[in-house]
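Architecture and fold: a report
Chain residues, written in single-letter form:
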Amino acid sequence: QAQLVESGGGLVQTGGSLRLSCAASGRTFSNYPMGWFRQAPGKEYELVAAINWNGGDTYVADSVKGRFTISRDNAENAVFLQMNSLKPEDTAVYYCAAVRVPGGPLYKSPRSYNQWGQGTQVTVSS
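How each quantity is defined
- Residues numbered from 1 in each chain as written.
- Predicted model: local features only at pLDDT ≥ 70, side-chain atom pairs only at ≥ 80, totals over all residues.
- Heavy atoms only, no water.
- Helix = DSSP H or I, 4+ residues; strand = E, 2+ residues; numbered from the N terminus.
- Rg over C-alpha atoms; globule rule 2.2 N^0.38 Å.
- Buried < 20%, exposed > 50% of the residue type's maximum accessible area, 1.4 Å probe, protein only.
- Contact = heavy atoms within 4.5 Å.
- Areas by Shrake-Rupley, 256 points an atom, 1.4 Å probe, with all protein chains shown as cover.
- Lys, Arg positive; Asp, Glu negative; His and termini not counted.
- Charge placed at Lys NZ, Arg CZ, Asp CG, Glu CD.

Here we look at the overall build of the protein chain
From N to C terminus, the protein chain includes zero helices and 11 strands. Going from the N terminus to the C terminus, the protein chain shows its helices and strands as β-β-β-β-β-β-β-β-β-β-β. Taken against the 2.2 N^0.38 rule, which gives 14 Å for 126 residues, the C-alpha radius of gyration of the protein chain at 13 Å falls within 12% of a compact globule. Here the C-alpha coordinates of the protein chain stretch approximately 40 × 25 × 25 Å along the principal axes. Counting across all 126 residues of the protein chain, residues that qualify as buried make up 44%. Considering only contacts in the protein chain between residues 6 or more positions apart, those separated by 24 or more positions represent 60%. For the protein chain, the accessible area works out to roughly 6300 Å², and carbon and sulfur atoms hold 47% of it. The centroid of the 11 positive side-chain charges in the protein chain is displaced by 4 Å from the centroid of its 9 negative side-chain charges.

Next up, the structure:
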């Protein structure tokens, strides 16, 4: 069964950094656009970053622009989220997700994603 498993979350201080990883198993996601979403306490799901199938095009939300970077290594069947200059408002459960069809551009709508990981907790202390 295909799975996406996030890792790399944890507790960090304001201004710190974390590198989240999303490892795929069961089948390759190398040709699929991917995204990172987060859900903060009491908040709706938010698209943080997205990447097209080959990593040549990326998107980051305004709230994390200049601080977060999405990347992928298709040889490792993995996608990453480098998180720098973390703020308390970045505290959330972070999820990686795969778009329902392979190839093509990045996608920003949650409705375009049909494969989701279980999430990894990121907590930023003040």
